[in-house]
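# Fold and geometry: a report
These are the residues of each chain, in order.
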Amino acid sequence: MRLGLLTRNPDAWCSRHLRRAMEIRGIEPICLRFRDLKASIAMRPAVQLSDGLDLLKEVQCILVRPIGRGSLDEIVFQLDLLHRLERLGMVIVNRPSAIEKAVDKYYALTLLEEAGIPVPRTVVCEDPAVALHAFDELGGDVVVKPIFGSRGLGITRLTDREVASRVFRSLAFMRNVLYLQEFIAHGTRDIRAFVVGGRVVASMHRVAAGWKTNVSRGASAVPFSPSQEVKELAVNASKVLGCEVAGVDILEGPEGLLVNEVNSQPGFRGLQSTTELDIAEEIVEYIQSRVR
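Just so it is clear, the model here is predicted, and its values are computed rather than measured.

## Some details on the environment of Thr188
By secondary structure assignment, the location of Thr188 is in the loop between β10 (178-182) and β11 (189-196). Put simply, Thr188 and His17 are 171 residues apart on the chain and 30 Å apart in space, counted from C-alpha to C-alpha. Discounting chain neighbours no more than four positions away, the residues touching Thr188 are Arg206, Val207, Ala208, Ala209, Gly210 and Thr213.

Below you can see the structure in the form of structure tokens.
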């Protein structure tokens, strides 16, 4: 069996562990990068590597790791290409439709809220005056985020109305959508639950010195045994977005648990340090079961 690993860097920590887990199971990992793919229309093969390998004939499944930054043209084409492969019969984890939902914070939270998943109060707009009114509505303590992005980059907390007004005008001038979320008092930690195939296989508390709890920004990964409520919330959030593999971020607020984000291409280096379970092995085992 050959499994495709779509990754920008085959030697990245998660990619190396996934490749090793595949090899242990007798699976040949084929590392793919979008820049090495050739897509054809009214010609065959429909999608091939630059070395001529026909993906639809030679690869049984593709696991998508973080797509990363790109121009609008690049990102649209890359997702279109994944959709094309899926329509032609390729098993893709996560499905491109799930990636599209999860990567867009506004779209993801609307779907979660409509499905009855508790999420923070959020306002999204383009007008700085509307954003300033929302700042007041949300209690004068908000977190401003880019709609697209991860690892805590571009996120800031605003508690001063004048500063907020300046930030909103600056972001609007640069043609950014204004995404404001009420600040949830959660101490200096949150929960990351890792879902594979409809079950939580591992989870951790991410503990930081401040309110930002991304491990990539310096937070510590601490072992955590999730309650049934946490497990059900994480699994349900993943299902709403169609994610078979997901990192679900959950805030422990004063009024209960809230899903803050669902990552469809989650890293697990920090999480792996908190558990003896081999997370890469869990992912590969699940993918293998999907292909059979």
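After that view, the rundown keeps rolling.
## What to know about the nonpolar core
Of all hydrophobic cores here, the largest spans 27 residues; its most connected members are Leu112, Leu241, Val248, Ile250, Val259 and Val262. Looking at this core, the elements that each hand over two or more residues are α4 (96-103), α5 (105-114), β11, α8 (228-241), β14 (245-253) and β15 (256-263). Top contributing element to this core by residue count: α8, with six residues. Ranked by size, the runner-up nonpolar core spans 26 residues in total, among them Leu3, Leu5, Ile279 and Ala280.

## As for the packing of α4 against α5
Where α4 meets α5, the axes come as close as 5 Å, and the angle between the chain directions of the two elements is 100°. Considering their axes alone, α4 and α5 lie roughly perpendicular with respect to each other. Contact with α4, carried on its side by Glu100, Lys101, Ala102 and Val103, involves Lys105, Tyr107, Ala108 and Leu111 of α5 and no other residues of that element. Among the residues forming the contact of α4 with α5, the class breakdown is five nonpolar, no polar and three charged.

How each quantity is defined
- Residues numbered from 1 in each chain as written.
- Predicted model: local features only at pLDDT ≥ 70, side-chain atom pairs only at ≥ 80, totals over all residues.
- Heavy atoms only, no water.
- Helix = DSSP H or I, 4+ residues; strand = E, 2+ residues; numbered from the N terminus.
- Contact = heavy atoms within 4.5 Å.
- Core = buried A, V, L, I, M, F, W, Y, C linked by side-chain atoms within 4.5 Å.
- Buried < 20%, exposed > 50% of the residue type's maximum accessible area, 1.4 Å probe, protein only.
- Axes fitted to C-alpha atoms, helices over the stretch in contact; angles between N-to-C directions.
- Parallel < 35°, antiparallel > 145°, perpendicular 65-115°, else oblique.
- Nonpolar A, V, L, I, M, F, W, Y, C, P; charged D, E, K, R; others polar.

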